[in-house]
There are 6 protein chains.
Amino acid sequence: VSLDLPDVKGREAILKVHAKKIRLKEGANLSTIARGTPGCSGADLEAIINEAAIIATMRSHEEVAMEDLEEARDKTMFGRQKRSRVMEDQERKITAYHEAGHAVVAELQRPATEPVHKVTIIPRGMSLGSTMSLPERDRYIVPRSYLTALLAVLFGGRASEEIFFKDISHGARDDIRKATEIARAMVTEYGMSDKMGPIAFSDSQEHLFLGREITRTSHHSEETARQIDSEIRRMISTAYEKAKDLITKNREKLKKIAEALLKYETVTGEEVARMLKGEEIDAIRANASAPTA
Amino acid sequence: VSLDLPDVKGREAILKVHAKKIRLKEGANLSTIARGTPGCSGADLEAIINEAAIIATMRSHEEVAMEDLEEARDKTMFGRQKRSRVMEDQERKITAYHEAGHAVVAELQRPATEPVHKVTIIPRGMSLGSTMSLPERDRYIVPRSYLTALLAVLFGGRASEEIFFKDISHGARDDIRKATEIARAMVTEYGMSDKMGPIAFSDSQEHLFLGREITRTSHHSEETARQIDSEIRRMISTAYEKAKDLITKNREKLKKIAEALLKYETVTGEEVARMLKGEEIDAIRANASAPTA
Amino acid sequence: VSLDLPDVKGREAILKVHAKKIRLKEGANLSTIARGTPGCSGADLEAIINEAAIIATMRSHEEVAMEDLEEARDKTMFGRQKRSRVMEDQERKITAYHEAGHAVVAELQRPATEPVHKVTIIPRGMSLGSTMSLPERDRYIVPRSYLTALLAVLFGGRASEEIFFKDISHGARDDIRKATEIARAMVTEYGMSDKMGPIAFSDSQEHLFLGREITRTSHHSEETARQIDSEIRRMISTAYEKAKDLITKNREKLKKIAEALLKYETVTGEEVARMLKGEEIDAIRANASAPTA
Amino acid sequence: VSLDLPDVKGREAILKVHAKKIRLKEGANLSTIARGTPGCSGADLEAIINEAAIIATMRSHEEVAMEDLEEARDKTMFGRQKRSRVMEDQERKITAYHEAGHAVVAELQRPATEPVHKVTIIPRGMSLGSTMSLPERDRYIVPRSYLTALLAVLFGGRASEEIFFKDISHGARDDIRKATEIARAMVTEYGMSDKMGPIAFSDSQEHLFLGREITRTSHHSEETARQIDSEIRRMISTAYEKAKDLITKNREKLKKIAEALLKYETVTGEEVARMLKGEEIDAIRANASAPTA
Amino acid sequence: VSLDLPDVKGREAILKVHAKKIRLKEGANLSTIARGTPGCSGADLEAIINEAAIIATMRSHEEVAMEDLEEARDKTMFGRQKRSRVMEDQERKITAYHEAGHAVVAELQRPATEPVHKVTIIPRGMSLGSTMSLPERDRYIVPRSYLTALLAVLFGGRASEEIFFKDISHGARDDIRKATEIARAMVTEYGMSDKMGPIAFSDSQEHLFLGREITRTSHHSEETARQIDSEIRRMISTAYEKAKDLITKNREKLKKIAEALLKYETVTGEEVARMLKGEEIDAIRANASAPTA
Amino acid sequence: VSLDLPDVKGREAILKVHAKKIRLKEGANLSTIARGTPGCSGADLEAIINEAAIIATMRSHEEVAMEDLEEARDKTMFGRQKRSRVMEDQERKITAYHEAGHAVVAELQRPATEPVHKVTIIPRGMSLGSTMSLPERDRYIVPRSYLTALLAVLFGGRASEEIFFKDISHGARDDIRKATEIARAMVTEYGMSDKMGPIAFSDSQEHLFLGREITRTSHHSEETARQIDSEIRRMISTAYEKAKDLITKNREKLKKIAEALLKYETVTGEEVARMLKGEEIDAIRANASAPTA
């Protein structure tokens, strides 16, 4: 059931095949799209090309431009934009600080983390905003250092809410679930807790195989269950403190990133990085659009 | 399965489409109805328009008035009125104090809570009375402060029964279940218990997907289960004390609201708010119907 | 699935519709039957009318009398009489004291309890005897005081066996199960245990909905389970002691009621009440049949 | 699903209907057979009459005699005789002492127990021997004193093996299971343990009803489970000691009953009772066949 | 579902019926085969006769000899011989000592155990070797003394490996499972643990009966579960020590039996018994083939 | 369902039958392939021959050479090579040290372990690299010493990552699961934990047999579960320390083997053995290709 998904070379080849149906504008780089679509199937990639053609038509582009491809990729991977959604100012503000929190904690832990591609508070699919990472390559080996950093990134949003609003919201629910699943896998499957050691503690497996259902349950003792719980909570707690610490130390810069989001709705990963080094968003954008500099 | 329900703009548009079939009286405001129907699907909204037309006909209205739309909305969302139901005086009295309790605790915690729309002891659907809130907008972010206040509102009915009758009834069963579910979600899904931290403790998930059943159970240790129980009980207990405290401090005013309900059956949220400031229901109503003032 | 059953007004209306097919004797009061059939569906009520017609025919009545309606109601709600059943004297005696125990504990707790309609040791359906209550009205609110009294009524039968025979039988099995279910609901659903507070502790729910089975289990900790058990046992124990206390204090009167049952097989609720005040069954019945008094 | 089985009057009537097809010898008493077949359905009773006719034919009886009816009843209720089975002397001896143990403990506890009908070491169905009780009437009320005595009867076989052979066998497996089920019901359903009180502790119920499966599980705490276990073991242990005590005190008499079984294969309940009073089996039988005495 | 299998008389009769189709050589004793096939169904017995005819043909026998019948019985009950299997010398050696261990522990506990029929290291079915017991008769009563001895026999193989090779193998897996099942039944079903007493502790039963599944689970307390575990382990441990003790005391003799197995592949139970008395295999066999002695 | 797979003789015979369809080059040794395919079915073996023919054709070989057969065997047993996969240098390096770790720990524990056939960092199927063992014969008896050594081999990869990179990756997930399953079987099925003794502790078995599902669960006590967990963790921990110890003592040699893998992608088991004795890979290969030496 876990099909063999194409790797980066395979994805580029598939994109090229489907791109023969459309006219690509100069600068449209299928290799970049291939890098930015790990985990996509051939059908997903065909859908991206088709979607890009539709978007280009709606934008009255004669040829499919790189921006059309990227919007098609985002839509396919994260859902349709929902610009029409009426959000209260306070909710927009919470969203901006939440996303800025993810982005700041991610950027400050480079290179252990994936680079931030862009941060946005334009609602898309089920989410009010999103911080998108664009992996530079397919990742076959996932080290403990990467997962540890990722846990802190996942808590960047909640930590930012807590620090700036003294209130927290249910919006971190998915981050919490994802972080718990990662921490659980680290402890019970990947052997990444020194205290528990390299043992598999997965509780139940179900295979449905030719109509046969095989359940294997290993009843852990209460003592083991307690130790597993304790290790997961230690990892989560460490990551959350890490996120709060990074945000507290970069409080003013995060504030500026959040304000930039409220002003421009979307900020690129590069802009986040430069703002963390002290630059101002308006200066960055002014320079970017300056003809020579 | 969780379909993408229309937001407030979408609802207003849908209501307008269906309203083309009927004649609306001046003052009938579809935008207000749209605001007051969060969570409704397109089919629900169509049903409201159709129901309003029927109600108007039964009331011999030439055109569909705002009051017809509101009754249609209430019937669709809360069930049909059951005026014929014979209730004993004591049961009517308990119901009035129960509903007044909800309303008072809700109003006194403004703006953390939704505004009270109206309180009534006219039986509708399965309930003997109801306190209806009408959210001013779609809510995308649910903060801890809102949920904490909501818990106290849910216990307002039971607390009022306890204070005024020294006996309690099974009528708070649904409030108790709802409050427990919210408190459980706060502790085990939303990471809103400082003691438990931002971890997901959901016990089991079952997806039925193309005939496949996948069950993932994370066996918590007894120690973790005990801490979760303890946190849920602490939240519930705090909320219940909050409700009792607010009611005790406003004992005489609540009594007047309950008496108003026994006299007039329905009291608006605005009237509740003014009675909490010391005004008398008869005075309010007299003024309201006074031509100039 | 929980259909909306007719209330007392609805039941009377339904009875009247079906009664058009039959001839009612003067004094046959459909309103009384309507009051005495809470929880009955329209189909149940139709069955009662049909049954009454059959009973009247078998009794060679020209018209359907009140007694035919009452027998039809009892048969529909409690099962067919089994007069043919051969019971040993000792078993008849145990049954009489058991039922008298229920009746005495019910009557002595008035008005917290429903009034006793009649007590009988004529076997009906699966039971050797029965104590029937006839609620005076539909009950929409169930207070803690009512449930507490009901628990003691349920234990009246067993307590009487224990006091008069020094032996107990398995005949209280259904009373025990019903009492345990009520006490469990009081503690885990209605929030009626002060120690546990207003929390829902229901362990599992199963809905079968369009072929989908959704199970939600909230794993309580052992500590919580122990407290719930302890509260249920405390409530049961208190109720059982209450029943024993009431019977011990009315030992001689209960004995006379049981003897009346052995002699006349059926005793009315009113007779039970009067015997508890010191009257003798033969005197009551003599007076009743006396022309003037 | 629990059909309403005929009571003793009903059984006699059913037997008479089916007996019209056959010729009954004088002395064949259908009323006795009706008393001795509690729990039998109409179909069972018809089978007994048919079987009796076949047995009579095989025995070349012109008419169906009482002995044919009794053998037919035994075969229908306990299974076909297996006289051909080759049993080792030691196994026959163990069986004789095992059955004698049941019979002695039953007889010595009269009238709390049902009277013994007969004891036999002729294999029948799955059992090597059997002690049959023939209730004198249908039992509608089961007192604690009866169940307590029954527990001791069930352990009479095992206790006898232990006392006479110093070894025990797996042959008491069914007695043990039955006794455990009775003790469990006494503690968890009938409220017959003073320590646990009148509470229902049944763990799970499954009803299969129109394709719907409803499971209700009440999770007891470990403390409650421990107390239940302890009470069941106390009841079992008391009953087993009772059985051993009765056998030890009647050791020589039991030995004579067992030897009578080894000699005659079947001994009647009356003979057991008389041997317990000191009579010898050969004397009893000699008297029985003596013409006048 | 547990069909009524034929007893020894029945088996002999069935064998005789099917043997009418073949020509039996003088000395072929169907009565011996009948004794040696307890638990076989009529179909099994027919298969043995047919198989014997085929074996006789393959061996160019004119008539079916006793040896053909025995090989047919072994093949039907234990699986086909696998002489072609290439086993390493070390594996053959381990197998020889393993089987010799079973045989020695069985023989030394006579008459509590069944007599050993033969021991072999010729692979058959799934096993590398086997020690076959041939019960002298159908066993209807299984005493504790027999089961206790059988536990030690089952551990004879593992104990021998441990003593002679200082290493143990997974080859005892089936012995361990079987021994655990027996010990568990002794403690939880047969009431053979004095500490637990005559109580049934079976955890779950599933009957599939006309499409209905009935599960009855009695939740034991943790304390009871711990005592059961402890009793099972005590029984297992005692049996294993018994096996080691018997082997240590007969170390040299077992070694000679194992060497005999490596030399001749199969040794009879009688030879095992005589070697345990000090005779040498070659002497036994020389005498056996000696014409007169 | 567990079919009887062919043993080494059977496999060679099956290979020869299918090889009749192809032309084998001199030196192609089917007997070696037969030895190297334990656990393969007849269908697997036919697939290997067919695959070898295709590989030979793609390589423009006139006849099927030994190298074609070996590649066909590897592909059938471990999956298709994925040379196209783009791996980062760091990931290639981690893979090389991981595989070298497995190989070194395996080779250093000879002869308790199977000999290493070859080590490779060419991705194949789902794995980034692999260390293949080629058993010299079918193994029918699995001693504790073998399993203990195998546990250390499984942890060789993770231990090497930890020692050389101070970071660990999720790449050991499958090793961890396999090691845990082996340790669990040793403790709970093979009786190889001296502390737990020869008892079967398997928790649940499910057989699906003619549509019947039989589940037998033996509820262990918490104490037993704790001891089992503790024994498994002790075994795992001992094995992991063993692996780290062997690698630490052969740190420089392992480094050279990993570097050889990075240079040549594949290293044979013999080369691993010689490098562990101090030889250099280039010298080994130079000598190997030297015409005379």
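Below, the structure is looked at part by part. (Residues numbered from 1 in each chain as written. Chains lettered and ligands numbered in written order. Predicted model: local features only at pLDDT ≥ 70, side-chain atom pairs only at ≥ 80, totals over all residues. Heavy atoms only, no water.)

Attention shifts here to the environment of S230 of chain E. Secondary-structure assignment places S230 of chain E in helix α8 (residues 222-249). Between the C-alpha atom of S230 of chain E and that of N29 of chain E, which follows or precedes it by 201 residues, the distance is 48 Å. (Helix = DSSP H or I, 4+ residues; strand = E, 2+ residues; numbered from the N terminus.)

What follows concerns the packing of helix α3 (residues 42-58) of chain F against helix α4 (residues 66-78) of chain F. All names here are of chain F. Contact geometry for α3 and α4: axes closest at 8 Å, N-to-C directions at 125°. In terms of orientation, α3 lies oblique with respect to α4. Of the two elements, α3 crosses α4, and the hand of that crossing is right-handed. Touching D44, I48, I49, E51, A52, I55 and A56 of α3 are D68, L69, E71, A72, R73, K75 and T76, all from α4. The class makeup of the residues in the contact of α3 with α4 is 7 nonpolar, 1 polar and 6 charged. (Axes fitted to C-alpha atoms, helices over the stretch in contact; angles between N-to-C directions. Parallel < 35°, antiparallel > 145°, perpendicular 65-115°, else oblique. Left-handed = near helix turned anticlockwise from the far one by under 90°. Contact = heavy atoms within 4.5 Å. Nonpolar A, V, L, I, M, F, W, Y, C, P; charged D, E, K, R; others polar.)

What follows deals with the packing of aromatic side chains. Tallied over the entire structure, the rule returns 18 aromatic pairs over all chains. Geometrically, the ring pair formed by Y97 of chain C and F165 of chain C is edge-to-face, given 5.5 Å between the ring centres and 85° between the ring planes. Placement of the pair is Y97 of chain C in helix α5 (residues 89-108) and F165 of chain C in helix α6 (residues 144-165), with a sequence separation of 68 residues. Accessibility classification places Y97 of chain C together with F165 of chain C in one group, the buried group. Within the aromatic cluster, the residues linked to one another by ring pairs are Y97, F164 and F165 of chain A. Above the ring of Y264 of chain A, the side-chain terminus of R285 of chain A is found at 4.4 Å from the ring centroid. Directly above the ring of F164 of chain D sits R251 of chain D, whose terminal nitrogen or CZ lies 5.0 Å from the centroid. (Phe/Tyr/Trp six-rings, centres within 6.5 Å; stacked < 30°, edge-to-face > 60°. Buried < 20%, exposed > 50% of the residue type's maximum accessible area, 1.4 Å probe, protein only. Lys NZ or Arg CZ within 6 Å of the ring centre and 35° of its normal.)

Residues and elements named next belong to chain E. Counting through the fold element by element, T120 comes out in strand β1 (residues 116-120). Of the residues examined, T120 reaches a relative accessible area of 5% and is grouped as buried. A distance of 3.0 Å separates a polar atom in the side chain of T120 from the backbone nitrogen of I122. At 3.0 Å, the side chain of T120 forms a polar contact with the side chain of T266. For T120, the contacting residues outside a window of four places in its chain are E99, G129, S130, M132, L261, E265 and T266. (Polar contact = N/O pair within 3.5 Å; in protein donor to acceptor, adjacent residues only side chain to side chain.)

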